[in-house]
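The residues making up each chain are set out below.
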Amino acid sequence: MKCKYRLLLCSTVLFLFTTIQAQTQIRPYKQWDATQFIAVSGHQPEDYVRADNNWEILYNLRTPHTQSELNEMGIKCSDSQILLLEVGGLISRTEGKWRSVIPILDQEQTSSLRRMSKEIAKSMYAKTKTDFISLTQAIDEMGFKENTLSFVFSYLLDGRMWTKMVLFDDIDNHTGWSGCYWVLYEPREGMKCGTNGFGDQNLILTYLDNKIAPRSRVMSDCADEIAKYGKIKDPQLISQLTPYGLTDNTGKVLFPIIKKRQDRFHQITEKLVNTISSELKNNSGNVATRYGINNENKAMVILYHEVMWDLMDNLIQNKVIQIPAIFKNKEENKQRLNEVVFFVEGGLMQ
């Protein structure tokens, strides 16, 4: 009997230990939906998060803990990791305890945020559909019909809109980066475009997968040459750009160059910026409190990203804009990269 009792007790302890271990496991970072709205001068936030078990540390620091408490929970956490995450702007210490300063929304919070976003986008779209149609007509008249999605998203929604709301330095400044970085529970349904700026933020790329373009150094050199000469003069650079349809063999630029002027395109853009920003500000006041975000600018950035992607879904579903060929098949349509690239004299944010 005595032996049997010991065996039963050992089995129970093993079961409890297994249960505790399972409770501390978290979903891998790659299954979450992370977004970076940042200007980079060194390392970007994800460089810190992806190293070692830093994601596990950040996730558990949604609730403040000391370093010792983390280790007692079975979460490996060294002095160097804490230092790196602090320097990287991802954690801070208050009253002796560390806490994640990046928003990490759980499943219910993510669903709630996206329900709110869809309602706001629906209201915005009803008020702006006519202006969006006028904008696409103006782009067609400029001779850039194939670039419509890129203009609508990267020039208007993910470009000029920020000059009316907040820029990177208005949110947070850290070693290597400024702006906002956050993580939602799962990827959103629908298309999630992004924007990259090169040079002095004057050469703009719209992407679903930023690997569709030449490497950053090539794009930056392209931006610099256009700013200086209005074309590409470097023969080696020309050879790197021509397979993507960005220049011809003489260095002539084969994508739009937008000049600052008071034409129909800019007038409609400005009208949309004012309407959308006003509507957003009227709806974003309680976002920070509702989702435990420690900065109102940060909360507005997070909400607006969901809203602008929902607006894009509405525009595509209603066939106001079309999906570029390179988004459908990046290998077969590599030479059509010029349909999602444009150059803005003076820079996008100026």
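Residues numbered from 1 in each chain as written. Predicted model: local features only at pLDDT ≥ 70, side-chain atom pairs only at ≥ 80, totals over all residues. Heavy atoms only, no water.

### Quick word on the packing of aromatic side chains
How two aromatic rings sit relative to each other is set out by the distance from centre to centre and by the angle between their planes.
Piece 1. Under the counting rule described, the total for this entry stands at 12 aromatic pairs.
Piece 2. Ring centres of W55 and Y59 lie 6.0 Å apart, and the angle between their planes is 55°; on these two criteria the pair is classed as tilted. Of this pair, W55 and Y59 are both found in helix α3 (residues 54–60), four residues apart, which corresponds to roughly one turn of the helix. The same class applies to W55 as to Y59, namely buried.
Piece 3. Chaining the aromatic ring pairs together yields one cluster made of Y29, W32, W55, Y59 and Y185.
Piece 4. The residue whose ring lies beneath K233 is Y229, and the NZ or CZ to ring-centre distance is 4.5 Å. (Phe/Tyr/Trp six-rings, centres within 6.5 Å; stacked < 30°, edge-to-face > 60°. Helix = DSSP H or I, 4+ residues; strand = E, 2+ residues; numbered from the N terminus. Buried < 20%, exposed > 50% of the residue type's maximum accessible area, 1.4 Å probe, protein only. Lys NZ or Arg CZ within 6 Å of the ring centre and 35° of its normal.)

### Looking at the pattern of salt bridges
Piece 1. For the structure on display, the rule yields 18 salt bridges.
Piece 2. For the salt bridge of E108 with R115, the shortest nitrogen-to-oxygen distance reads 3.2 Å.
Piece 3. The exposure class of R115 is partly exposed, given its relative accessible area of 49%. (Salt bridge = Lys/Arg side-chain N within 4 Å of Asp/Glu carboxyl O.)

### Observations concerning the confidence of the model for the protein chain
Piece 1. Residues at a pLDDT of 70 or more form 93% of the protein chain, whose mean pLDDT is 90.
Piece 2. Ignoring residues within four places in sequence, the model shows residues 1–23, a span with pLDDT below 50, making zero contacts including any to other chains. (pLDDT = per-residue confidence, 0-100. Contact = heavy atoms within 4.5 Å.)

### Considerations on the sheet that holds strand β8 (residues 257–258)
Piece 1. The four strands are arranged β6-β7-β9-β8 in an open sheet whose pairing can be described as mixed. Of all strands in the sheet, those with a lone pairing partner are β6 (194–198) and β8, marking the two edges.
Piece 2. Relative to strand β9 (residues 341–344), strand β7 (residues 203–207) is paired through three bridges, and the arrangement is antiparallel. Looking across to β9, one finds that L205 is bridged to V341.
Piece 3. Sheet strands touched by helix α8 (residues 216–229): β6, β7, β8 and β9. Its angle to β6, the strand with the most contacts, is close to 60°. (Pairing = 2+ DSSP bridges. Axes fitted to C-alpha atoms, helices over the stretch in contact; angles between N-to-C directions.)

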